[in-house]
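A closer look at the structure
As a plain string of letters, each chain reads:
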Amino acid sequence: GPLAAALDALPKVELHCHLEGTMRPSTLVELAARNGLRLPTSDPTELYRYDSLDGFLEVFWTVQSALGGRDDWARLAHESLLDSAAHGVVHTEAFFTPARHLAAGQDLASVVAGLDEGLAAAEAETGTRCLLICDMDRAFGPEAGRQLVEELVALRRAGSPGVDRVVGVGMDSTELGIDTRTYLPAYDVAGAAGLRLTGHQGENSPASAIAACLDVLGLERIDHGVPVLDDPELVARMAGERVPITVCPTSNVVIAHVVERLEEHPYPRMRAAGLLATVNTDDPALSDLDLGKEYAAVAAAFGYGWDDMVRIALDGVEACWLDDSDKRPLR
Ligand code: HPA
Ligand code: ZN
């Protein structure tokens, strides 16, 4: 309808999006063929099927494996930004998760240089800007995470091409059996180097894990954060300090199955509680999504009108990591 079309065109900020999760199905098929990766099916719509977070992560890891080197990262990043810009995204802070590629022998400098090359080209074409967040993959453990951050910090010191685009560090992948606090050494290194700090928590872990992200790890943003309302003290603090939560409502239905239907998602109660809860896509290509569709779905599910959605978009600007002077033109 007309609201959906207007929401697609509304200038928006995307703060929770995995670049690998934006890979076009056609690109996946091409890269897999070129890099000798056997896909379980030649029909990516068949491949992009899963019934739990850990089932989804298997698919995500297959997609990641298709990225064979610098040029593939450049292509992914370029197409990703063109696709998000086509749906009103004007600024994005996007994750990449290189643990698998580093283990397979790629070097972080090439990954970052490739991403920067693709993003710079897309920025010139669209005017949409993209900063990067280097995520630790929790499936590889906290020591691999710390080593990744050390490597990133060394690239910053060396002035490696494109590394200035990486403004933050995060963590993603599985939450099962993970002790959040074990990521303190990694985040300590990142924080000391002046990197911004975020992390996935509360996709299928309790509110206490979110509290540990703030209290122990010193994170300044939380990705997902779904069960926050279970802890009123935590809500009061996060609302009072305007700690951003990058919520991905549709992803929580189709990937993590936190709720069965969007209408049951706690998002409207999070907003009503005064939390700075933004709307994001997570893995749009793997869940048939774009940020315009996500805004329309949120509006429909929770009965939000244009003014509500504009307020949500402005919350995205508040939550992003641009300087105030760079935020002003987005308001
Ligand atoms: N959760 C955890 N890890 C991820 C996700 C997610 O939704 N998407 C890509 N990596
Ligand atoms: Zn995510």
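Every value quoted in this text rests on a predicted model; they were computed, and no experiment measured them. (Residues numbered from 1 in each chain as written. Chains lettered and ligands numbered in written order. Predicted model: local features only at pLDDT ≥ 70, side-chain atom pairs only at ≥ 80, totals over all residues.)

1. Describing the site of ligand 1
With respect to spatial proximity, the complete set of residues near ligand 1 consists of His 18, Gly 21, Phe 60, Asp 172, Ser 173, His 200, Glu 203, Ser 251, Ile 255, Asp 282 and Asp 283. Looking at side-chain class alone, the shell around ligand 1 contains two nonpolar, five polar and four charged residues. (Near = placed C-beta within 6 Å. Nonpolar A, V, L, I, M, F, W, Y, C, P; charged D, E, K, R; others polar.)

2. Describing the pairing of strand S3 (residues 129-137)
The buried fraction of S3 is high, at eight of nine residues. As paired strands, strand S2 (residues 89-96) and S3 are joined by six bridges and run parallel to one another. Bridge pairing in S3 places Phe 95 opposite Ile 133. Handedness of the crossover joining S3 and strand S4 (residues 166-172) through helix H8 (residues 141-158): right-handed. (Buried ≥ 20, exposed ≤ 12 C-beta atoms within 10 Å, placed from the backbone. Helix = DSSP H or I, 4+ residues; strand = E, 2+ residues; numbered from the N terminus. Pairing = 2+ DSSP bridges. Right-handed = clockwise from strand over helix to strand, strands pointing away.)

3. Things to note about the packing of helix H5 (residues 70-85) against helix H7 (residues 108-126)
Packing of H5 against H7 leaves a shortest axis separation of 7 Å and a crossing angle of 30 degrees. Considering their axes alone, H5 and H7 lie roughly parallel with respect to each other. Like other packed secondary-structure pairs, H5 and H7 cross with a definite hand, here right-handed. Residue classes in the contact of H5 with H7 are distributed as 13 nonpolar, five polar and six charged. (Axes fitted to C-alpha atoms, helices over the stretch in contact; angles between N-to-C directions. Parallel < 35°, antiparallel > 145°, perpendicular 65-115°, else oblique. Left-handed = near helix turned anticlockwise from the far one by under 90°.)

4. Regarding the sheet that holds S4
Strand order in the open sheet formed by five strands is S1-S2-S3-S4-S5, and the pairing between neighbours is parallel. Each end of this open sheet is capped by a strand with a single partner; those strands are strand S1 (12-14) and strand S5 (196-197). Along the sheet face, H7 touches S2, S3 and S4 and points at about 155 degrees away from the line of S3. (Contact = placed C-beta atoms within 7 Å.)

5. What to know about the pairing of S4
Of all seven residues in S4, six are buried, a share of seventy percent or more. Strand direction decides the pairing type here: S4 and S5, joined by two bridges, are parallel. The partner of Gly 168 across the bridge, within S5, is Arg 196. Handedness of the crossover is the feature at issue here: the chain leaves S4, passes through helix H9 (residues 184-192), returns alongside S5, and the resulting connection is right-handed.

6. Looking at the packing of H7 against H8
Taken N-terminus to C-terminus, the directions of H7 and H8 make an angle of 65 degrees; their axes are 10 Å apart at the nearest point. Taken as a pair, H7 and H8 cross one another with a handedness that is right-handed. When H7 is examined against H8, the residues Leu 108, Ala 109 and Val 112 are found in contact with a partner set consisting of Glu 151, Leu 152 and Leu 155. Partitioning the contact of H7 with H8 into residue classes produces five nonpolar, no polar and one charged.

7. Considerations on H7
End to end, H7 covers 27 Å across 19 residues, agreeing with the expected 27 Å (1.5 Å per residue, within 8%). Where H7 is buried, its residues touch H5, S2, helix H6 (99-103), S3, H8 and S4. Where H7 ends, the next residue or the one after it, Gly 127, has phi of about 85 degrees, a positive value. (Expected span 1.5 Å × (residues − 1).)

8. With respect to helix H10 (residues 207-215)
Counting along an α-helix, one turn takes 3.6 residues, and residues three or four places apart therefore face a common direction. Looking at H10, one finds that the buried residues are Ala 207, Ala 209, Ile 210 and Cys 213. Down the axis of H10, the smallest arc covering the buried residues is 160 degrees, so these residues share one side. Here the buried face of H10 lies against strand S6 (200-201), strand S7 (222-224) and helix H11 (232-240). (Arc of directions from axis to C-beta.)

9. What to know about the nonpolar core
With 87 residues, the main nonpolar core has Ala 77, Leu 115, Cys 134, Val 169 and Val 228 as its most contacted residues. In this structure Cys 134 touches Phe 96, Leu 148, Leu 152, Val 166 and Val 169, once residues within four positions along its chain are discounted. (Core = buried A, V, L, I, M, F, W, Y, C linked by C-beta atoms within 7 Å.)

10. A look at the confidence of the model for the chain
Caution applies to low-pLDDT parts of the model: their predicted coordinates are not meant to be read in detail. Of the residues in the chain, 100% have a pLDDT of 70 or more, and the chain-wide mean is 97. When pLDDT is averaged over each element of the chain, strand S8 (residues 245-247) comes out on top at 99 and helix H3 (residues 44-47) at the bottom at 82. For this predicted complex, the interface score ipTM comes out at 0.94, while the overall pTM is 0.98. (pLDDT = per-residue confidence, 0-100.)

11. A word on the environment of Gly 68
Secondary-structure assignment places Gly 68 in the loop between helix H4 (53-65) and H5. Taking the number of C-beta atoms within 10 Å as the measure of exposure, Gly 68 has 17 and is therefore partly exposed. Note: C-alpha distance between Gly 68 and Gly 114 (46 residues apart in sequence) is 11 Å. Sequence-distant contacts of Gly 68, that is, excluding residues within four places in its chain, are made with Leu 31 and Asn 35.

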